[in-house]
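# Residue-level structure breakdown
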Amino acid sequence: MCGIVGYLGERQASPLLLEGLKRLEYRGYDSAGVALFSRDNGGAQFEIRRCKGKLVNLEEKVKNAPLPGKLGLGHTRWATHGSPTDENAHPHWSENVVVVHNGIIENYLELRQQLVEAGHEFTSATDTEVIPHLVEYYFKELGDMEAAFCQAAKRLKGSFAIGMFSTHDGDKIFAAKNRCPLILGLGDGENFLASDIPAILNYTRRVIILEDGDCAIVSKDQVKITDVDGNARKRDCKQITWTAAMAEKGGYRHFMLKEIHEQPEAVMQTLQGRVDQSEPALTLEEVDLDEQLLRRLQRVVIVACGTSWHAALAGKYMLESLARIPVEVDLASEFRYRQPILDNNTLLMAISQSGETADTLAALDEAKANKSPILSICNVVDSSIPRSSNYVFYTHAGPEIGVASTKAFTTQLVVLYLLSLQFAQVRRSLNSKELQRHLDDLIHLPRQMEEQLEREEEV
Ligand code: GLU
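Residues numbered from 1 in each chain as written. Predicted model: local features only at pLDDT ≥ 70, side-chain atom pairs only at ≥ 80, totals over all residues. Heavy atoms only, no water.

## Some thoughts on the nonpolar core
By size, the foremost hydrophobic cluster in this structure holds 43 residues, and its most contacted members are Val300, Met349, Ile377 and Phe423. In terms of residues, this core owes the most to one element, helix 14 (residues 407-427), which gives nine residues. Not counting the four nearest positions on each side in its chain, Val300 is found in contact with Leu319, Ile325, Pro326, Val327, Glu328, Leu347, Met349 and Phe423. Counting 29 residues, the second largest nonpolar core, distinct from the first, contains Val5, Ile183, Ala194 and Ala247. (Core = buried A, V, L, I, M, F, W, Y, C linked by side-chain atoms within 4.5 Å. Buried < 20%, exposed > 50% of the residue type's maximum accessible area, 1.4 Å probe, protein only. Helix = DSSP H or I, 4+ residues; strand = E, 2+ residues; numbered from the N terminus. Contact = heavy atoms within 4.5 Å.)

Structure representation (C-alpha cells):
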C-alpha cells in the first residue's frame, strides 16, 4: 500500500513531489521520503531526505535543507518489513541507484544473502533495500541500465510498484509493476510517475495505467514500455475526466466500495511469503512460533473488539475444527473485569487492525500478569499491541479508510486460517494430504474473490 510519486521535467521537483505525496495522504503512511537527482561540476549525484512519522516532518526537513533538482522520487511508507524508523523509510539506495517501492518482495532474504556474499552492505531491515543493490549488481555485469533494471525486475518475486533512478543513466526514471498500482502521467516536456491518479491530477490528465510485468523507461519527453525481457509493449494513453474527489476513491463512489474491490489484492499480499505456492507448504518462520509451545498449549483465548471480535468468532471455528484445540472468545472490554483464568499453557491471541485498541491492550496486561504467551494479529507494523506481544502475525491489508471494515476483516480471517493450519501441522490433527488441500484452497482464494467481484452488476 502507500504511495509513490516521481517527476522529471523543467521544474524544480521537490515541491511537486511533496504536493503529490500530500494527495496520496489518504492511503495512510508511517514515514515518508524524497530523493532528488542533480548534476553539478562534480557530475551526477543524488540527495535524500526521509523520516518517520507524518508528512509535515518531511516537509520541515526539506524546508530546512532544500533539495535542488528537476528529477526526483517521493514515497510514503506503510511498513510491512522492518519498523517505521528513519533508516527503514524510503527511498533506499546503493552506490548509484535510488529506489522507492510499494509492496512486498517475497524472496528478499534469498536475494539479500546472495548480494551480501557479493560484497553489498545493507543498512535497513526492509525487503525493499535488495532492489537498488540488485540493479547495481546487474549494471556491473551488463553495463547497461535498462537491461540491468529489467533483469533485476525479473528476479523479484512478490508484489511491487517500483520507481528508480540512477547516476549511471541520469535524466530517466525507471518503473516496474507487479500486482501493485502504478501509473504514468504525460505532460509537455515533463512526465510523472505515481501510485494513483490524484497525485498528478493538478498537472496532467493524460495517463498510462501500467500493467503487471511492465517495465517503463521514462525521460522528460518520451516513454518506453517493455516486458522484463525488453520486448516492446503497447499501452494506450487515457484521458482522465474524474474530479479530484473521485480520483481519490479510484473512480468508486465510496472508499468502502474501493476497499471491497481491494480485497483480492490484500488477501494475496497477506498470503505472500507465508504459503509456498509451488509445494504448497506453510512458511511461517517470520512469526517464529515455538513448536514446543504449540504442542504444549491446552487452550486459546482470543480477545478483540468490534470487527476483530467477529473475526475471532470465525477463528474459533477454524482453530477448533482444524487444530482440535479449545478456544474461547472474549470481548476485550469485558475481559479484565471477569477475573479470567489464564496460565502459561493458555495462549492469549489479540486481534486488532490498528494495534492500538485500548481495551485489547489492557487485556494483554492481564495475560502478562498470568504468564500467558501472547500472539497478536495486527495490520500496523510496530504499533502498541505487536510491541507488547511475544509473537506477531501481520495482515498486509494496507490502510483502511471506510468505517465499515472490509479488507482488514477478510485478511484477519486469512491469518486465522493460516494459524489454524500451523497449529494443525504441529499438533498433527490434520494429515499432510488434508493440509495440502486447505493450502490449495487458500492459494486460489484471491482469484475466486476477483471472480465474485466481477459479477458485481449481476449480484
Ligand atoms: N515492503 C516495503 C517496506 O516495508 C514497502 C511497504 C510499502 O508498500 O509501503 O518498506
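## Regarding the sheet that holds strand 13 (residues 222-226)
An order of 5-6-7-8-12-13 is seen for the six strands of this open sheet, with the pairing classed as antiparallel. Where the open sheet ends on each side, the last strands, each with one partner, are strand 5 (92-93) and strand 13. (Pairing = 2+ DSSP bridges.)

## Some words on the pairing of strand 21 (residues 391-394)
On strand 21, burial covers both faces: Tyr391 and Phe393 on one face and Val392 and Tyr394 on the other are all buried. As paired elements, strand 20 (residues 374-378) and strand 21 share four bridges and run parallel to each other. Residue Leu375 lies in a different strand from strand 21, and its bridge partner there is Tyr391.

## Structural notes on helix 4 (residues 130-142)
Its 13 residues place the ends of helix 4 18 Å apart at the C-alpha level, agreeing with the 18 Å of an ideal helix rising 1.5 Å per residue. Every buried residue of helix 4 is listed here: Val130, Ile131, Pro132, His133, Leu134, Val135, Glu136, Tyr138 and Phe139. Contacts made by the buried residues of helix 4 are with strand 5, strand 6 (97-105), helix 3 (108-117), helix 5 (145-155) and strand 7 (158-166). Trailing helix 4 by a residue or two, Gly143 shows a phi angle of about 70°, which is positive. (Expected span 1.5 Å × (residues − 1).)

## Here we look at the sheet that holds strand 14 (residues 238-239)
Spatially, the eight strands line up as an open sheet ordered 3-2-4-1-10-9-11-14, and their pairing is antiparallel. Two strands lie at the open edges of the sheet, namely strand 3 (43-52) and strand 14, each paired on one side alone. Across the sheet, helix 2 (residues 55-64) lies against strand 2 (31-40), strand 3 and strand 4 (71-77), angled at about 140° from strand 3, the strand it touches most. (Axes fitted to C-alpha atoms, helices over the stretch in contact; angles between N-to-C directions.)

## As for the packing of aromatic side chains
The tally for this structure, following the rule as stated, stands at six aromatic pairs. Consider the rings of Phe37 and Phe165, whose centres lie 5.9 Å apart with planes at 70°: the pair is edge-to-face. Residue Phe37 is found in strand 2, and its partner Phe165 is found in strand 7; the two are separated by 128 residues along the sequence. Classification of Phe37 as buried rests on a relative accessible area of 4%. Using a relative accessible area of 0% as the deciding quantity, one classes Phe165 as buried. Every member of this aromatic cluster is reached through a ring pair, and the members are Tyr7, Phe192 and Tyr203. One residue, Lys249, lies across the ring of Phe255, its end atom 5.8 Å from the ring centre. (Phe/Tyr/Trp six-rings, centres within 6.5 Å; stacked < 30°, edge-to-face > 60°. Lys NZ or Arg CZ within 6 Å of the ring centre and 35° of its normal.)

## Topic: the side chain of Ser124
Tracing the sequence through the fold places Ser124 in the loop between helix 3 and helix 4. Assessed through its relative accessible area of 7%, Ser124 is described here as buried. In contact with Ser124, other than residues within four places in its own chain, are Glu87, Asn88, His92, Arg112 and Glu129.

## Topic: the site of the ligand
Arg77, Thr80, His90, Gly103 and Asp127 are the nearest of the 15 residues found near the ligand. One of the side-chain nitrogen or oxygen atoms of His90 is found 2.8 Å away from an oxygen atom of the ligand. About the coverage of the ligand: the protein hides 100% of its 290 Å² of free accessible area. Contributing elements (two or more residues each) for the shell around the ligand: strand 4 and strand 6. With three residues, the top contributor of residues to the shell around the ligand is strand 6. (Near = heavy atom within 4 Å. Polar contact = N/O pair within 3.5 Å; in protein donor to acceptor, adjacent residues only side chain to side chain. Areas by Shrake-Rupley, 256 points an atom, 1.4 Å probe, with all protein chains shown as cover.)

## Side note on the pairing of strand 10 (residues 191-194)
Both faces of strand 10 are covered, namely the face carrying Asn191 and Leu193 and the face carrying Phe192 and Ala194. Sheet analysis places strand 1 (residues 3-8) next to strand 10, joined by four bridges and oriented antiparallel. Across the sheet, Val5 pairs through a bridge with Ala194, a residue of strand 10. Between strand 9 (residues 183-186) and strand 10, which pair antiparallel in sequence order, lie four residues; one of them, Gly189, sits at a positive phi of approximately 70°.

The values reported here are purely geometric and, on their own, carry no functional implication.
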